[in-house]
Amino acid sequence: MKEITRLARSILPSSILIEEKIDADTPPITADPVQVHQALMNLCVNARDAMANKGVLTIRLEPRRNLEFECESCRCKLEGDWVDLQVEDTGHGIGPEIRKQIFEPFFTTKEPGKGTGMGLSVVQGVVHQNHGHILVESEPERGTLFHLLFPPANEETETEFSSPLHGDGRPLQDGTALVVDDEPAVLAVTCAMLEHAGLNTVAFHDAEEALARFRRNPKDFDMVVTDQTMPRMTGVELIRQIHQVRPHLPVILCTGFSDHVNEENAAEFGVTAFLRKPVELETLRQVLAQMAD
Ligand SMILES: Nc1ncnc2c1ncn2[C@@H]1O[C@H](COP(=O)(O)OP(=O)(O)OP(=O)(O)O)[C@@H](O)[C@H]1O
Ligand SMILES: [Mg+2]
């Protein structure tokens, strides 16, 4: 949660006040930290979008005892003790007419071309995969509070979540990845996922700066992970220039749905692995494991 506050400070305008309220007596949970990180970042980005440039974002962590609720996304009726991770904003709120749709993939109220509508879809996927549920409180014009509720970890029944290691104990990958994405939040999440898999990362928002850094010392890098659609240079162009210096350097290209690069033609552009955004942790792990083999 502290990391989320730190990251939120770097992606939210300074006109938005950020408050962190962490109850130190909260029990631990067992969940994939990178996935939970991604879910919380998506909530912070939505909070930013809902507040335009003014308001308060509160990041809160607290234990909840004997809570009775219905999950906003899977509609299960639940009760008991939970660990409650919250992201609250003072934005425009969610109207009752769209409340039932917000978790649907591709549902967005943004103008065409502005939002993917995948943010909350990813949140609900991540939360349920980690045995959690979601509660939403929202009042039009007042703000919105998302609760991510996870069962407290119980030492006896603690389940193991997938580790970034190969069966034989080797990390999925080692070495250093050059990571490029013009969206700071996406860049941060991609780096977190790669680091979780064992890689060091060197990150750039700007493809030209990334290229300049690469040219300064091409041997510093063992792979490139890049977005395709960026303002000053596309991922494909970046790959072309990098391969002029190091023709065999492995490249993972991440693209949205509308980009002209696809599974069929990706290899023509020198792409080793091709991933659709939003990149899921599990898919990235599979790709890294294949590349390591
Ligand atoms: N904190 C919030 N306050 C008000 N409305 C919200 C909030 N979070 C989500 N919504 C509503 O839910 C919709 C779906 O959110 P989701 O994150 O899935 O997609 P998006 O934000 O529209 O697109 P993207 O995440 O690609 O920018 C939003 O378009 C918005 O209408
Ligand atoms: Mg969103």
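Residues numbered from 1 in each chain as written. Chains lettered and ligands numbered in written order. Predicted model: local features only at pLDDT ≥ 70, side-chain atom pairs only at ≥ 80, totals over all residues. Heavy atoms only, no water.

## As for the overall build of the chain
For the chain, the helix and strand inventory stands at seven helices and ten strands. Taking 293 residues into account, the globule formula puts the C-alpha radius of gyration at 19 Å, and the chain, at 20 Å, falls close to it. Across its three principal directions, the C-alpha atoms of the chain cover 60 × 45 × 35 Å. In the chain, which comprises 293 residues, the share counted as buried stands at 50%. (Helix = DSSP H or I, 4+ residues; strand = E, 2+ residues; numbered from the N terminus. Rg over C-alpha atoms; globule rule 2.2 N^0.38 Å. Buried < 20%, exposed > 50% of the residue type's maximum accessible area, 1.4 Å probe, protein only.)

## Examining the sheet that holds strand β1 (residues 16-22)
With respect to topology, five strands assemble into an open sheet ordered β1-β2-β3-β5-β4, the strand pairing being mixed. Since the sheet does not close on itself, it has two edges, and those belong to β1 and β4 (133-139), each with one partner. Shown here is a sheet whose adjacent strand axes are inclined to one another by a mean of 25°, direction ignored. Where β4 lies against strand β5 (residues 143-150), seven bridges are found, and the strand directions are antiparallel. By the bridge assignment for β5, leucine 135 is matched with histidine 147. (Pairing = 2+ DSSP bridges. Axes fitted to C-alpha atoms, helices over the stretch in contact; angles between N-to-C directions.)

## Re the domain arrangement of the chain
Its domain assignment divides the chain into domain 1 (2-150) and domain 2 (176-292). One C-alpha centre belongs to domain 1, the other to domain 2; they are set 28 Å apart. Contacts between domain 1 and domain 2 engage twelve residues on the former and 13 residues on the latter. With both sides pooled, the region where domain 1 packs onto domain 2 buries about 970 Å², and carbon together with sulfur makes up 77% of that total. (Domains from an automatic or database assignment. Contact = heavy atoms within 4.5 Å. Buried area = accessible area lost by both parts, 1.4 Å probe.)

## Some points on the sheet that holds strand β8 (residues 223-227)
Read from one edge of the open sheet, five strands run β7-β6-β8-β9-β10, paired in parallel fashion. What marks the edges here is a single partner per strand, and that holds for β7 (200-204) and β10 (273-276). Across the sheet, the axes of successive neighbouring strands diverge by a mean angle of 20°, strand direction being ignored. Two elements, β8 and strand β9 (residues 251-255), share four bridges in a ladder whose sense is parallel. Each bridged residue has a counterpart across the sheet, and for threonine 226 the counterpart in β9 is leucine 253. Running over the sheet, helix α5 (residues 207-216) touches β6 (176-180) and β7 and is turned about 155° from β6.

## A look at the environment of aspartate 227
Looking at the element boundaries, aspartate 227 is found in strand β8. When the C-alpha positions of aspartate 227 and histidine 205 are compared, they lie 9.9 Å apart, and in sequence the two are 22 residues distant. Residues in contact with aspartate 227, not counting those within four places in the same chain, are Val180, Asp181, Asp182, Gly235, Leu253, Cys254 and Lys277. A distance of 3.0 Å separates the side chain of aspartate 227 from the side chain of lysine 277, its partner in a polar contact. (Polar contact = N/O pair within 3.5 Å; in protein donor to acceptor, adjacent residues only side chain to side chain.)

## Notes on the state of the cysteines
Counted according to the given criterion, the structure contains zero disulfides. The cysteine cysteine 44 is free of any disulfide, with cysteine 191 supplying the nearest cysteine sulfur at 18 Å. With no disulfide of its own, cysteine 71 lies closest to cysteine 74 among cysteine sulfurs, the gap being 3.6 Å. Cysteine 71 gets classed as buried once you look at its relative accessible area, which sits at 0%. (Disulfide = S-S within 2.5 Å.)

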